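# Coordinates in review
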Amino acid sequence: DTGVSQDPRHKITKRGQNVTFRCDPISEHNRLYWYRQTLGQGPEFLTYFQNEAQLEKSRLLSDRFSAERPKGSFSTLEIQRTEQGDSAMYLCASSQEGSPLHFGNGTRLTVT
Amino acid sequence: DQQVKQNSPSLSVQEGRISILNCDYTNSMFDYFLWYKKYPAEGPTFLISISSIKDKNEDGRFTVFLNKSAKHLSLHIVPSQPGDSAVYFCAATGINTNAGKSTFGDGTTLTVKP
């Protein structure tokens, strides 16, 4: 069990640019989640996949956000036309059905 | 409307004493509750959970109590150790969702002083 891996750890971008984050879950986990956390708050659910199917998206996930999980393995989260309000920690987590989450260490996004 | 609330942003206790972290929820559909611990620069890690069919669950030094009528749960750490210093998040989920899609509180920062 090598844990959930996220890349990059930090990303600084200018407003209006596109960014993409990658998450590699624990290999035997069939569910993958994306959460967002801002300073002083708890993680907020964005979306989740069961295998390659995206089963649910939060209303927080505007149309500038898109997530994929091709072949049910790693996942990417893309943010288009970034805004300063997108600055946050983006957390990926994986789990087996019914079990608690195993989180990665997150990608910290700063939009200048 | 915040459905999971941790009203104490911080808590400081002496090593060896008991730490009690509190959490309140408003959504009656929540029936499974989890606590996660987070160290700086790391993601949260699962600590302990409780189903609404129980009122207590214990795992070593950690015990979670659930009071459904009051919509309140608490995490007890006995004895507290300096390594327990971290941010603790309470999370809740409902019978029709899954343990992964949880609603989190804003966390309580626990400091255990040697």
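Every value quoted in this text rests on a predicted model; they were computed, and no experiment measured them. (Residues numbered from 1 in each chain as written. Chains lettered and ligands numbered in written order. Predicted model: local features only at pLDDT ≥ 70, side-chain atom pairs only at ≥ 80, totals over all residues. Heavy atoms only, no water.)

## Observations concerning the sheet that holds strand S1 (residues 5-7) of chain A
Residues and elements named next belong to chain A. Taken in spatial order, the four strands of this open sheet run S1-S3-S8-S7, and their pairing is antiparallel. Every other strand in the sheet has two partners, leaving S1 and strand S7 (65-68) as the edge strands with one partner each. Between one strand and the next, the sheet's axes are offset by a mean angle of 15°, whatever the strand orientation. Two strands pair when backbone bridges link them, and strand S3 (residues 19-24) and strand S8 (residues 75-79) are joined in this way by five bridges, in the antiparallel orientation. For Val-19, the partnering residue across the bridge sits in S8 and is Ile-79. (Pairing = 2+ DSSP bridges. Helix = DSSP H or I, 4+ residues; strand = E, 2+ residues; numbered from the N terminus. Axes fitted to C-alpha atoms, helices over the stretch in contact; angles between N-to-C directions.)

## Re the state of the cysteines
All names here are of chain B. Throughout the structure, instances matching the rule amount to two disulfides over all chains. Note on cysteine connectivity: Cys-23 is disulfide-linked to Cys-90, with sulfurs 2.1 Å apart. As the torsion about the S-S bond is roughly -75°, the Cys-23-Cys-90 disulfide counts as left-handed. Of this pair, Cys-23 sits in strand S3 (residues 19-25) while Cys-90 sits in strand S9 (residues 86-94), and the two are 67 residues apart along the sequence. (Disulfide = S-S within 2.5 Å.)

## Considering the interface of chain A and chain B
Each partner contributes to the interface: chain A provides 20 residues, whereas chain B provides 17 residues. Looking only at chain A, the three residues that lose the most surface to chain B are Pro-43, Pro-100 and Phe-103 of chain A, adding up to 30% of its buried area. At the boundary of chain A with chain B, the tally comes to one salt bridge. At the junction of chain A with chain B, the criterion picks out six residue pairs in polar contact (both at pLDDT 80 or more). For the side of chain A that touches chain B, the secondary-structure elements that each account for two or more residues are strand S4 (31-37) and strand S5 (44-50) of chain A. Examining the composition of the side of chain A that touches chain B, we find that four residues originate from one element, S4 of chain A, more than from any other. Partitioned by chemical class, the residues of the side of chain A that touches chain B number nine nonpolar, eight polar and three charged. (Contact = heavy atoms within 4.5 Å. Buried area = accessible area lost by both parts, 1.4 Å probe. Salt bridge = Lys/Arg side-chain N within 4 Å of Asp/Glu carboxyl O. Polar contact = N/O pair within 3.5 Å; in protein donor to acceptor, adjacent residues only side chain to side chain. Nonpolar A, V, L, I, M, F, W, Y, C, P; charged D, E, K, R; others polar.)

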